[in-house]
Amino acid sequence: MRLSQYFLPTLRENPAEAQIVSHRLMLRAGLIRQQAAGIYAWLPLGYRVLRNIERIVREEQDASGAQEVLMPTIQSADLWRESGRYDAYGPEMLRIKDRHDREMLYGPTNEEMITTIFRDGVKSYRDLPLNLYHIQWKFRDEVRPRFGVMRGREFLMKDNYSFDIDKAGATRSYNRMFVAYLRTFARMGLKAIPMRADTGPIGGDLSHEFIILAETGESAVFCDRDLVDKDILGRAIDYAGDLQPLVNEWTAQYAATDEMHDAARFETEVPAGRRLAARGIEVGHIFYFGTKYSAPMNAVVSGPKGEPITVEMGSYGIGVSRLAGAIIEASHDDAGIIWPESVAPFRIGLLNLKPDDGAVSKACNDLYATLRAKGVEVLHDDRDLRPGAKFADMDLIGLPWQVIIGPKGLAAGKVEVKNRATGARSELALDQVAATFAA
RNA sequence: CGGGGCGUAGCUCAGCCUGGUAGAGCGCUUGCCUUGGGCGCAAGAGGCCGUCGGUUCGAAUCCGGCCGCCCCGACCA
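What counts, and where the lines are drawn
- Residues numbered from 1 in each chain as written.
- Chains lettered and ligands numbered in written order.
- Predicted model: local features only at pLDDT ≥ 70, side-chain atom pairs only at ≥ 80, totals over all residues.
- Heavy atoms only, no water.
- UniProt positions renumbered as here; feature names shortened; annotations may be inferred.
- Helix = DSSP H or I, 4+ residues; strand = E, 2+ residues; numbered from the N terminus.
- Rg over C-alpha atoms; globule rule 2.2 N^0.38 Å.
- Buried < 20%, exposed > 50% of the residue type's maximum accessible area, 1.4 Å probe, protein only.
- Contact = heavy atoms within 4.5 Å.
- Areas by Shrake-Rupley, 256 points an atom, 1.4 Å probe, with all protein chains shown as cover.
- Lys, Arg positive; Asp, Glu negative; His and termini not counted.
- Charge placed at Lys NZ, Arg CZ, Asp CG, Glu CD.
- Pairing = 2+ DSSP bridges.
- Axes fitted to C-alpha atoms, helices over the stretch in contact; angles between N-to-C directions.
- Near = heavy atom within 4 Å.
- Polar contact = N/O pair within 3.5 Å; in protein donor to acceptor, adjacent residues only side chain to side chain.
- Nonpolar A, V, L, I, M, F, W, Y, C, P; charged D, E, K, R; others polar.
- Parallel < 35°, antiparallel > 145°, perpendicular 65-115°, else oblique.
- Left-handed = near helix turned anticlockwise from the far one by under 90°.
- Domains from an automatic or database assignment.
- Buried area = accessible area lost by both parts, 1.4 Å probe.
- Salt bridge = Lys/Arg side-chain N within 4 Å of Asp/Glu carboxyl O.
- Phe/Tyr/Trp six-rings, centres within 6.5 Å; stacked < 30°, edge-to-face > 60°.
- Lys NZ or Arg CZ within 6 Å of the ring centre and 35° of its normal.

The name recorded for chain A in an unreviewed UniProt entry is Proline--tRNA ligase, from Vineibacter terrae. Database annotation for chain A, UniProt heading Catalytic activity (unreviewed entry): "tRNA(Pro) + L-proline + ATP = L-prolyl-tRNA(Pro) + AMP + diphosphate".

Asker: Teacher, can you tell me more about the overall build of chain A here?
Answerer: Of the regular secondary structure elements, chain A holds 13 helices and 23 strands. Relative to the 2.2 N^0.38 estimate, which gives 22 Å for 439 residues, the radius of gyration of chain A is 24 Å and therefore close to what a compact globule would have. Out of the 439 residues belonging to chain A, those deemed buried represent 52%. Long-range pairs, those at least 24 residues apart, make up 70% of the contacts in chain A between residues at least 6 apart in sequence. As displayed, chain A has an accessible area near 19,400 Å², and 49% of this comes from carbon and sulfur atoms. Here chain A carries 55 positive and 60 negative side-chain charges, and the mean point of each set is 3 Å from the other.

Asker: Any chance you could explain the sheet that holds strand β6 (residues 103-106) here in plain terms?
Answerer: Strand pairs in the sheet, formed through backbone hydrogen bonds, run parallel or antiparallel to each other. Strand order in the open sheet formed by 3 strands is β4-β6-β5, with antiparallel pairing between adjacent strands. Among the strands making up the open sheet, the edge pair consists of β4 (74-76) and β5 (94-97). Ignoring which end each strand starts from, the neighbouring axes of this sheet average 40 degrees apart. Strand direction decides the pairing type here: β5 and β6, joined by 4 bridges, are antiparallel. Bridge pairing in β6 links Ile96 to Met104.

Asker: Would you take a moment to explain the side chain of Thr257 for this structure?
Answerer: Looking at the secondary structure, you find Thr257 in strand β12 (residues 255-257). Here Thr257 is in contact with Met195, Glu209, Ile211, Ala220 and Val221, once residues within four sequence places are set aside.

Asker: Looking at this structure, I do not really get the protein's contact with RNA strand B. What am I missing?
Answerer: Near RNA strand B, the surroundings consist of 39 residues, among which Arg12, Arg144, Arg386, Asp395 and Glu416 are the closest. Take Asp395: an N or O atom from its side chain is 2.4 Å from a base nitrogen of RNA strand B. For the surface near RNA strand B, the element with the most residues is helix α11 (residues 387-397), which contributes 7 residues. Its residues placed into classes, the surface near RNA strand B shows 12 nonpolar, 7 polar and 20 charged.

Asker: How do you make sense of the environment of Thr73 when you look at a structure like this?
Answerer: As for its placement among the helices and strands, Thr73 is situated in the loop between β3 (67-68) and β4. Once the C-alpha coordinates of Thr73 and Gln136 are considered, the two residues, 63 residues apart in sequence, prove to be 7.2 Å apart. Not counting chain neighbours up to four residues away, the residues in contact with Thr73 comprise Leu105, Tyr106, Gly107, Gln136 and Trp137.

Asker: What's the story with the sheet that holds strand β20 (residues 378-381) in this structure? I'm lost.
Answerer: One open sheet accounts for 5 strands, arranged β20-β19-β21-β22-β23; its pairing is mixed. With one partner strand each, in any of the chains shown, β20 and β23 (425-429) form the two edges of the open sheet. This sheet shows a mean twist of 25 degrees between the axes of neighbouring strands, independent of strand direction. Where α11 meets the sheet, its contacts fall on β19 (348-352), β20, β21 (401-405) and β22 (414-419), and the angle it forms with β19 comes to roughly 175 degrees.

Asker: Looking at this model, I keep getting lost on the packing of helix α2 (residues 44-64) against helix α6 (residues 167-187). Mind explaining?
Answerer: Any two packed helices are characterised by the angle at which their axes cross and by the distance between the axes. Packing of α2 against α6 brings their axes to within 9 Å, and their N-to-C directions diverge by 150 degrees. Considered as vectors, α2 and α6 are oriented roughly antiparallel to each other. Our pair here, α2 against α6, has a crossing hand that is right-handed. For the pair formed by α2 and α6, the contact residues are Arg55, Ile56, Val57, Glu59, Glu60, Gln61 and Ser64 on the first element and Arg176, Met177, Ala180, Tyr181, Arg183, Thr184 and Arg187 on the second.

Asker: Even after reading the chapter, I still don't get the domain arrangement of chain A, so can you show me in this structure?
Answerer: Accessible area lost during the coming together of the parts is what is often quoted as the interface size. As assigned here, chain A comprises domain 1 (3-337) and domain 2 (348-438). Placing the centre of domain 1 and that of domain 2 at their C-alpha centroids yields a distance of 38 Å. Each partner contributes residues to the interface: domain 1 has 15 residues there, and domain 2 has 12 residues. A buried area of about 1,100 Å², summed over both sides, lies between domain 1 and domain 2, and 58% of it is on carbon and sulfur atoms. Taken together, domain 1 and domain 2 are joined by 2 salt bridges. Ionic pairing is found between Asp333 and Arg420, a salt bridge with its closest N-O pair at 2.8 Å.

Asker: Looking at this structure, I do not really get the packing of aromatic side chains. What am I missing?
Answerer: Each aromatic ring pair is summarised here by two numbers: the centre-to-centre distance and the angle between the ring planes. Scanning the entire structure with this criterion turns up 14 aromatic pairs. On the numbers, 5.9 Å between centres and 40 degrees between planes, the contact of Phe185 with Phe210 is tilted. With a gap of 25 residues between them, Phe185 in helix α6 and Phe210 in strand β10 (residues 207-213) connect regions that are remote in the sequence. Comparing Phe185 with Phe210, the two get one shared label, buried. The side chain of Arg48 reaches across the aromatic face of Phe346, ending 3.9 Å from its centre. One Lys or Arg, Lys230, reaches over the ring of Trp250 and ends 4.7 Å from the middle of that ring.

Asker: When you look at the packing of helix α1 (residues 21-28) against helix α9 (residues 320-330) in this model, what are you seeing that I'm missing?
Answerer: Where α1 meets α9, the axes come as close as 8 Å, and the angle between the chain directions of the two elements is 110 degrees. Classified by the angle their axes make, α1 and α9 are roughly perpendicular. Across the interface between the two elements, Val21, Ser22, Leu25 and Met26 of α1 pack against Ala324, Gly325, Ile328 and Glu329 of α9. For the contact of α1 with α9, the residue count by class is 5 nonpolar, 2 polar and 1 charged.

Dropping the structure here:
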């Protein structure tokens, strides 16, 4: 993409409405614009990031065996009366009426709907296990939205729902999601730590929040430092096999959010040198809830002997739009955003330092065409601006690599390649650049 | 929902106390200059001062209602 033709309204100053760094940078880097409290429009650069996050989530869900569906944002009140949640949910739920005065709502979640879909389509234990997910906009009318997309009222969420014949099956489904989540966040360059979460009235130990560490995190967290360094991507995963050992490995060490924290246990179980007290952002939550919805909503299948079995369910959420902010919280510096390659809106920023120099512009245009032909995503800053402004904008939007072409280096056939994350610069022969990045 | 604050140019803000018809910096446009970290000079464009009403000869300014946004708290993917 040529920056001279791209809609990228960057801001030099911090908008007064934004307090935390990710919100400021998302506004300044032209990723989003607020439309109402907690409701945002995604501009071209931001939308590319959002789609990349979504893509990774989708790939890992598919790999785990979950199947994608798409449920509507608008639901009927009657559906929620079946589970008893219509009255229980409170003002957080956005309630609306259609022209026939029917009561509707903008869905804050989809347990009820998925349960009816399941109950209408699945009648036999042979059809289990089943895990369905979708990635859809949700609305929760938070009293006080804040932190930009980290806590908006409208947000994009991946949520899925597993259906099993018994607790053992539900545990296997839970473990598959547990591992898929580890992989999903790791692929986004995040250190996400699973922490035991409150299971409320259902009890048991099958609920985990996935927390990434960031100074601006919403809650205090405590864990064994060893968990931060564990690597999932190097491990072979067999979703058809027994994942319990792997899950055990990631849950053996102490890790808790402040509401589950037990200071005495923390000090007993974790050696002093490995005690990590930090702040965290919740980016995912997995939950086994048994028959909470299947029982009242009659999601029943026939067992081997023809007996009715109320299915065991779990639900699993990932805050897709929230992740855009969370990643920035975890990865930025004073100059701007530092995107991990997997979610970066473009891989390379190509800077033409002197657009009215024929040789420089030709080198830039040729390289741009070559990289594009090789499928490398490039944002080409061909604007007629001073170099300083280009450097500042490029650092702000945080593309992983900058390829800098100016008259000085070009005279020797050289261009400069800068790594945004490390700041490391190297000189490369112009004709080697394409090969370097096409790999 | 309780407490606090703020709505003036695209952005950050001044002006309001002490009413007299609107300003700065940045950004934008044009020209010149400059060209490896938001350069310089010059000339411009751009605002029914959130909204409705009241007071007044006159309201950005004083008073009231409403709307919107932000912060702290309680609540949350």
